[in-house]
Amino acid sequence: MVCFSHLRWDFVWQRPQHLLTRAAASFNVLFVEEPIFKADALPRLDLRKAGPVTVAVPVLPSGLSERETADRQRKLLDGLLQSGGGDPAVLWYYTPMAMPFSDHLSAEVVVYDNMDELSAFRGASPAMLAKENELLARADLIFTGGISLYEAKRHRHPDIRPFPSSVDEAHFAAARPRRGPQPADQESIPAPRLGFYGVIDERFDMPLLEGLAALRPDWHFIMVGPVLKIDPATLPRRPNIHWLGQKAYEDLPAYLSGWDVGLMPFALNEATRFISPTKTLEFLAAGLPVISTPIRDVVRPYGEKRLVQIARTPREFVAAAEKVMGRADPAWIAEVDRHLASTSWDLTWAAMGRLIADELGRPAPRLTPAPPAVAAAR
């Protein structure tokens, strides 16, 4: 299986890593990243093992045109595949922008795991939509990262299926014993602590966070994650807002164990129109009350089931937090656990794997739990 991704394997541990480490129980998985450009570099593929997955990073000289970049990647990929025995059984795409250097490859099955609407993200290539049309025309199976994205694209392919974000419940359930040993950069921050973790970019509502912090200066807001595509100087700076930076996936439960509320202060814009935040289920698995802006795939089903509080304004967030903070609710936890029992990354991969196996005419892949994650977390 060859996967083409716009995300670096070691950047954040999210959907691709969860699924492909499980796929590696049935396939030799090659994860091809976007190129790195270096002055005077000779074109090459840097290969390394990341658990059961092989990661390939094209290294190219600076200054190439788009066509030259695609040509170099095509030659490097062809050379690697020929040395490994020829075309793969499965091509798995996260980005349509890989089409110019991979559309000539033969494969028994072509999968497009459309986890996000990349064309709506800041800095997206103007060619993204055209390349996606090419990929949709070629793919045998389309998976979407959420229900709203499925609804937007279900008429564009004969075999498109929604696979919303799932969860590694056991990993995050380690946070449920509240106030365990705290990470060094969090232990001195007073309670109550309200936290967010994830990529901090154009999808994050900065005015909402600043309004929250201004309304409740006695509450402390912990922000965990890398800052991308926005100027760090624009981040709100108040004594009760704490920017802790990126953390490893394996360390997240320790941070969450010291929080009183999980926050999802997403802006309502084109970049968030179709998102299905992985952290929704991860917060719930950690036993944290969750408050989110009305992201469609959070309102349905989590808001409708009252598993997550939905709010728009700083005052609504404060009112929701006051409602749930510090109040143990066994009925809510029981409902959360019933919902969590219906989903996992193991089950998601098993369902995807069966569809791929049907296309290949093979037995369904065996279900083997993925190895522990060590990359940084979304």
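Residues numbered from 1 in each chain as written. Predicted model: local features only at pLDDT ≥ 70, side-chain atom pairs only at ≥ 80, totals over all residues. Heavy atoms only, no water.

Moving on to the overall build of the protein. Counting its regular elements, the protein contains 13 helices and 15 strands. A globule of 378 residues ought to have a C-alpha radius of gyration of about 21 Å, and the protein, at 21 Å, matches this closely. For the C-alpha atoms alone, the extent of the protein along its principal axes is close to 60 × 45 × 40 Å. Per-residue burial over the protein gives 56% buried out of 378 residues. Partitioning the intrachain contacts of the protein with sequence separation of at least 6 by distance along the chain shows that 70% fall at a separation of at least 24. (Helix = DSSP H or I, 4+ residues; strand = E, 2+ residues; numbered from the N terminus. Rg over C-alpha atoms; globule rule 2.2 N^0.38 Å. Buried < 20%, exposed > 50% of the residue type's maximum accessible area, 1.4 Å probe, protein only. Contact = heavy atoms within 4.5 Å.)

A few words now on the side chain of Q17. Mapped onto the secondary structure, Q17 falls in helix α1 (residues 15-23). Aside from chain neighbours lying at most four places away, what touches Q17 is R8, W9 and V12.

Attention shifts here to the nonpolar core. Nonpolar side chains tend toward joint burial in soluble globular proteins. In terms of nonpolar packing, the biggest core is built from 90 residues, with W92, F221 and L256 touching the most fellow members. Sorting elements by how many residues they give to this core places helix α13 (residues 345-360) first, with 7 residues. Residues in contact with F221, not counting those within four places in the same chain, are L194, L209, L212, A213, R216, N240, I241, H242 and L263. Judged by nonpolar contacts, the second largest core, of 21 residues, contains V2, L91, M99 and V110. (Core = buried A, V, L, I, M, F, W, Y, C linked by side-chain atoms within 4.5 Å.)

What follows covers the environment of R161. Structurally, the position occupied by R161 is in strand β9 (residues 160-162). When the C-alpha atoms of R161 and I147 are compared, they prove to be 9.0 Å apart, with 14 residues separating the residues in sequence. Setting aside anything within four residues of it in sequence, one finds R161 in contact with I142, F143, T144, Y150 and L355. For R161, the side chain forms a polar contact with the side chain of D159, separated by 2.7 Å. (Polar contact = N/O pair within 3.5 Å; in protein donor to acceptor, adjacent residues only side chain to side chain.)

Time to look at the sheet that holds strand β11 (residues 220-224). Spatially, 6 strands are ordered β12-β11-β10-β13-β14-β15 in an open sheet, and the strand pairing comes out parallel. One side of each edge strand has no neighbouring strand; the edge strands of this open sheet are β12 (241-245) and β15 (309-310). Where strand β13 (residues 261-264) meets strand β14 (residues 290-292), 3 bridges bridge the pair, whose relative direction is parallel. Residue M264 lies in a different strand from β14, and its bridge partner there is S292. (Pairing = 2+ DSSP bridges.)

Going through the model one piece at a time under the given rule, you end up with 15 aromatic pairs. Residues F196 and F266 carry aromatic rings whose centres are separated by 6.2 Å and whose planes lie at 80 degrees to one another, so their mutual orientation is edge-to-face. Of this pair, F196 sits in strand β10 (residues 193-197) while F266 sits in the loop between β13 and α9 (279-285); the two residues are 70 residues apart in sequence, bridging distant segments of the chain. The class for F196 is buried, based on a relative accessible area of 1%. The class of F266 is buried, set by a relative accessible area of 7%. (Phe/Tyr/Trp six-rings, centres within 6.5 Å; stacked < 30°, edge-to-face > 60°.)

With that settled, the discussion passes to the pattern of salt bridges. Summed over the entire model, instances satisfying the criterion amount to 23 salt bridges. Taking the shortest distance from any N to any O, the salt bridge between R48 and D10 comes out at 2.7 Å. You can see R48 sitting in strand β4 (residues 44-50) and its partner D10 sitting in the loop between β1 (2-4) and α1, a full 38 residues away along the chain. Among the residues examined, R48 registers a relative accessible area of 32% and is labelled partly exposed. With a shortest N-O distance of 2.6 Å, R22 and D346 are connected by a salt bridge. With a gap of 324 residues between them, R22 in helix α1 and D346 in helix α13 connect regions that are remote in the sequence. A relative accessible area of 7% means that R22 is categorised as buried. In this structure, a network of salt bridges that share partners links the residues R8, D10, E33 and R48. (Salt bridge = Lys/Arg side-chain N within 4 Å of Asp/Glu carboxyl O.)

This part covers the confidence of the model for the protein. If pLDDT is low for a region, its predicted coordinates should not be looked at in detail. The pLDDT averaged across the protein works out to 93; a share of 96% of its residues lies at or above 70. Across residues 374-378 the pLDDT falls below 50, and counting only partners more than four positions away or on other chains, this stretch makes 31 contacts in the model. (pLDDT = per-residue confidence, 0-100.)

Turning next to the environment of G145. Locating G145 in the fold gives a position in the loop between β8 (141-144) and α5 (147-153). Residue class for G145 comes out buried when judged on its relative accessible area of 4%. Placed 130 residues apart in sequence, G145 and R15 show a C-alpha to C-alpha distance of 8.6 Å. What G145 contacts, discounting residues up to four positions off in sequence, is R15, N114, M115, F163, P164, S165 and S276.

All right, on to helix α12 (residues 330-340) then. Taken together, the buried positions of α12 are W332, V336, H339 and L340. End-on, the buried residues of α12 take up no more than an arc of 100 degrees, which puts them together on one face. Facing away from the buried side of α12 by over 90 degrees, the exposed positions are P330, A331 and R338. Looking at the packing, one finds that the buried side of α12 touches α6 (169-173), α9 and α10 (296-303). Capping the start of α12 is the job of one residue whose side-chain oxygen sits 3.1 Å from the backbone nitrogen of A331: D329. (Arc of directions from axis to C-beta.)

The next point concerns the packing of helix α7 (residues 206-215) against helix α11 (residues 314-324). Following both chains from N to C, one finds α7 and α11 inclined at 60 degrees, their axes separated by 8 Å at the closest point. When the axis of α7 is compared with that of α11, the two are oblique. For α7 against α11, the interelement crossing comes out right-handed. When α7 is examined against α11, the residues L208, G211, L212 and L215 are found in contact with a partner set consisting of P314, R315, F317 and V318. In the contact of α7 with α11, the residues fall into 6 nonpolar, 1 polar and 1 charged. (Axes fitted to C-alpha atoms, helices over the stretch in contact; angles between N-to-C directions. Parallel < 35°, antiparallel > 145°, perpendicular 65-115°, else oblique. Left-handed = near helix turned anticlockwise from the far one by under 90°. Nonpolar A, V, L, I, M, F, W, Y, C, P; charged D, E, K, R; others polar.)

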